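# Commentary on secondary and tertiary structure
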Amino acid sequence: MFSTLAIKPDVEVTSRSTDAPITWIHRRVGDTHIYFLANQRRTHEDTVCSFRVTGKQPERWDAATGKLSPIPIFESLSGETRIPLQFDPAGAQFVVFRSPVSGKKVQAVVSGKETLLATKPFPAPARKLYKEVANNFTISLWAKPELNIMLAPTGFMQHIKDPWTDYYAIYPPAGADLYGTGHAACGLAIGRNGVAVWERTSGKPVFRMAAPTSISGWSHVALVYKDGIPSVYVNGKLIQGGKPGANTVHPGVGQAYLSDGASFYNGDMTSPEVMPESLSDDRIRQLAAQARPQRTAQPAVEIAGDGKLALLFWKNGQYALRDTSGRDTALVVSGINPPMELTGDWQVSFPPNLGAPEQITLPKLIPLNTHQQNGVKHFSGTATYTKTLTVPASANGKGKQLFLDLGQVEVIANVIVNGKDLGTLWKRPYRIDITGAVKTGANTLEIKVTNLWPNRLIGDEQLPDPDKFTPGGGAGGFASLSNGAIMELPTWYKEGKPKPADGRVTFTTWKHYNKDSPLLDSGLIGPVVLRVAALKVLT
């Protein structure tokens, strides 16, 4: 209807990735327009967003820090304003229009022939097709699931015409639309309880096969089709083989769009790799033995979020700011130190009476759930990491900002430098400005990391259970929602007395996990890196 009436959408989004799943809402308060935008995927997304507002200066409100900053790069034309917006993994931000525009605007930041930030929408390339890759291929990726998934279209889904899931690692496109009648595309759901294979011809994806297995932390997953028959491997081990199907199957790897019904992975994963052959068991074991690919999504420049009309540069180089008249203003950035990883021993202390030792020394950062001591492996609570942070004199200086990047954190981190509490980091990137707290030379660094409590519950399940629960508890998935209730509250609880010392740290009235449930990644995993950036205020 809107296109018939020649009315533009309120918000349009294009992205470098081509399929960034950005959702939004719009509220108007008087003459002020307030937009909230959210990235539904756990990947960094470079976007250009067009808003049906013109003649007003856009401002960005950081939903995490509450800082409101003018956006220096935008373009107003034909009744809309275009802005390059950078989204953190699963990040969100407010864009506010309230003040009149004044002066020339920057339309792009370039470095040589490379455009780093610009108001020009990203092109929408055609989807990559796998016409010649059918029935015999391999999809390889690494995944770190956080939730259990549906491994059978029964239970809660058994009376639903089209069973579905929200936890696709790979959402399958409609194979019949891409390749013709009789063709399907495959997809994957990956959870802590296993892997599910889905296929789609048209309409909604159809459940094809389950491969139940416990998955803890980052794990290698391979889906192999041989003569149209799927097999699932986890960490190099064959978990489950399938049966022949009725369709010619193609890899479902590629763009996934909200408008097509796609949902996005509740966990972390690397980009899937497609190989046009059915790999052997030995080759899959070799892939699983290789190091996991690391993401290095550190942009060269960002729009600063400290309340100033400014840009934050992360790399030395010669840049140019291009305004609305097409004129370039040269900008040289120098003196940025290379990132410095904090290596060597970390002291880690634990609170009393939670099953962990008072203190341990880690020669390097590791997930606590992989530690050899059971008290550390199953620890849940707040662990305190301490270390000396040495800041070189060259890193300090006018116009420089110092950031501490904690890398992977499971789950929440509180950063204290030289006794100054800098706040709590609860989302990615786990990066905090430490400029005003550090000095040249030695600094005391303290990072308090709080994890979730499943690891302690799983640790307690290694011990005899003093209470009785209904059968089926701790199995995970839909079954755990209806099984596992405590059959009778213990006497000490009913009488208001302390829990007896039985070796267990926790007490619950529902059995959420069993002794074989996979542990969650826990603690400060890193790498912890000192990063230096140059703040350039625009006039």
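These notes cover the structure that comes with them. A quick note: this is a predicted structure, and the numbers were derived from the prediction, not measured.

In this section: the overall build of the protein chain. Across its full length, the protein chain carries six helices and 38 strands. With respect to the principal axes defined by its C-alpha atoms, the protein chain has extents near 75 × 65 × 50 Å. A total of 539 residues make up the protein chain; the buried ones form 47% of that total. Only carbon and sulfur atoms are counted for the fraction: they give 52% of the accessible area of the protein chain, which is about 26100 Å². Charged side chains in the protein chain number 57 positive and 46 negative. The centres of these two groups are separated by 4 Å.

Bridge analysis of strand 2 (residues 22-29) against strand 3 (residues 32-39) gives eight bridges, and the strand direction is antiparallel. Among the inter-strand pairings, I22 is bridged to a residue of strand 3, identified as N39. Linking strand 2 to strand 3, which pair antiparallel, is a turn of two residues; within it G30 sits at a positive phi near 65°.

Within this structure, the stated rule accounts for 16 aromatic pairs. Ring centres of Y168 and W198 lie 5.6 Å apart, and the angle between their planes is 75°; this geometry places the pair in the edge-to-face category. In this pair, Y168 sits in strand 13 (residues 168-170) while W198 sits in strand 15 (residues 194-200), placing the two residues 30 residues apart along the sequence. Look at W198 and F207: their rings are 5.4 Å apart centre to centre, the planes differ by 90°, and that puts the pair in the edge-to-face class. Through a chain of ring-to-ring contacts, three or more aromatic side chains come together here, namely Y168, Y171, W198 and F207. A cation over an aromatic ring shows up here: R292 above the ring of W218, its NZ or CZ 4.0 Å from the ring centre. Stacked on the ring of F403, the Lys or Arg R431 has its end atom at 5.4 Å from the ring centre.

What follows is about the sheet that holds strand 29 (residues 359-362). The six strands lie next to each other as 29-28-30-36-33-34, forming an open sheet whose pairing is antiparallel. Looking at which strands have only one partner, the edges of the open sheet turn out to be strand 29 and strand 34 (420-425). In this sheet, adjacent strand axes meet at a mean angle of 20° when their direction is disregarded. As paired strands, strand 33 (residues 412-417) and strand 36 (residues 441-450) are joined by six bridges and run antiparallel to one another. The residue bridging V417 from the neighbouring strand is L445, located in strand 36.

Its location among the elements puts L287 in helix 2 (residues 281-289). For L287, a relative accessible area of 8% puts it in the buried group. Considering only alpha carbons, one finds L287 and V221, 66 residues apart in sequence, at a separation of 9.5 Å. Apart from the residues within four sequence positions on either side, L287 is in contact with S140, W142, H220, M275 and L279.

Here the focus is the nonpolar core. Residues L37, F51, V109, Y385, L406 and L524 are the most contacted members of the largest nonpolar core, which totals 68 residues. Examining the composition of this core, we find that four residues originate from one element, strand 30 (residues 382-391), more than from any other. If we ignore the near neighbours within four places in the chain, the residues touching L524 are W346, L365, I366, Y385, L406, Q408, V409, I447 and V449. Listed in part, the 26 residues of the second largest apolar core include I139, A169, A211 and V232.

So, about the side chain of T138. Tracing the sequence through the fold places T138 in strand 12 (residues 137-145). Among the polar contacts made by the side chain of T138, one reaches the main-chain carbonyl oxygen of E277 at a distance of 2.8 Å. Contact partners of T138, with chain neighbours within four places excluded, come to L223, V224, E273, V274, M275, E277, S278 and L279.

Listed in full, the buried residues belonging to helix 2 are I284, L287 and A288. Buried positions in helix 2, seen along its axis, are confined to an arc of 100° and lie on one side of it. Looking at the buried side of helix 2, the elements it contacts are strand 12, strand 17 (219-226), strand 18 (229-234) and strand 22 (273-275).

This paragraph deals with unusual backbone geometry. Trans peptide bonds make up the majority, and among non-glycine residues the majority have a negative phi. The omega angle of the peptide bond from E410 to V411 is 20°, so this bond is cis rather than trans. Secondary-structure assignment places V411 in the loop between strand 32 (408-410) and strand 33. The linkage connecting R428 with the following residue, P429, adopts the cis geometry, with an omega of -10°. Mapped onto the secondary structure, P429 falls in the loop between strand 34 and strand 35 (431-433).

On to the pattern of salt bridges, then. One pass over the full model with this rule turns up 29 salt bridges. Of the charged contacts, one joins R285 and D282 as a salt bridge, the two residues approaching to 2.2 Å between their closest N and O atoms. Highlighted residues: R285 and D282, both in helix 2, separated by three residues, approximately one helical turn. According to the relative accessible area criterion, R285 is partly exposed, its value standing at 43%. In this structure, D465 engages K511 in a salt bridge whose closest nitrogen and oxygen atoms are separated by 2.7 Å. Of the two residues, D465 is situated in the loop between helix 4 (454-460) and helix 5 (479-482) and K511 in the loop between helix 6 (491-494) and strand 37 (523-526); the sequence distance between them amounts to 46 residues. Look at D465 and you get partly exposed, because its relative accessible area is 31%. Residue classification places K511 among the buried positions, given a relative accessible area of 14%. It is possible to trace a salt-bridge network through shared partners that takes in R42, K144, E146, D268, E410 and R428.

Take the pairing of strand 28 (residues 346-349) next. Alternating positions in strand 28 separate cleanly, W346 and V348 being buried on one face and Q347 and S349 remaining unburied on the opposite face. Relative to strand 29, strand 28 is paired through four bridges, and the arrangement is antiparallel. Across the sheet, the residue bridging to Q347 is T361, located in strand 29. Bridge count between strand 28 and strand 30: three bridges; the pairing is antiparallel. Residue pairing across strands places S349 opposite T384, the latter belonging to strand 30.

Conventions adopted
Residues numbered from 1 in each chain as written. Predicted model: local features only at pLDDT ≥ 70, side-chain atom pairs only at ≥ 80, totals over all residues. Heavy atoms only, no water. Helix = DSSP H or I, 4+ residues; strand = E, 2+ residues; numbered from the N terminus. Buried < 20%, exposed > 50% of the residue type's maximum accessible area, 1.4 Å probe, protein only. Areas by Shrake-Rupley, 256 points an atom, 1.4 Å probe, with all protein chains shown as cover. Lys, Arg positive; Asp, Glu negative; His and termini not counted. Charge placed at Lys NZ, Arg CZ, Asp CG, Glu CD. Pairing = 2+ DSSP bridges. Phe/Tyr/Trp six-rings, centres within 6.5 Å; stacked < 30°, edge-to-face > 60°. Lys NZ or Arg CZ within 6 Å of the ring centre and 35° of its normal. Axes fitted to C-alpha atoms, helices over the stretch in contact; angles between N-to-C directions. Contact = heavy atoms within 4.5 Å. Core = buried A, V, L, I, M, F, W, Y, C linked by side-chain atoms within 4.5 Å. Polar contact = N/O pair within 3.5 Å; in protein donor to acceptor, adjacent residues only side chain to side chain. Arc of directions from axis to C-beta. Salt bridge = Lys/Arg side-chain N within 4 Å of Asp/Glu carboxyl O.

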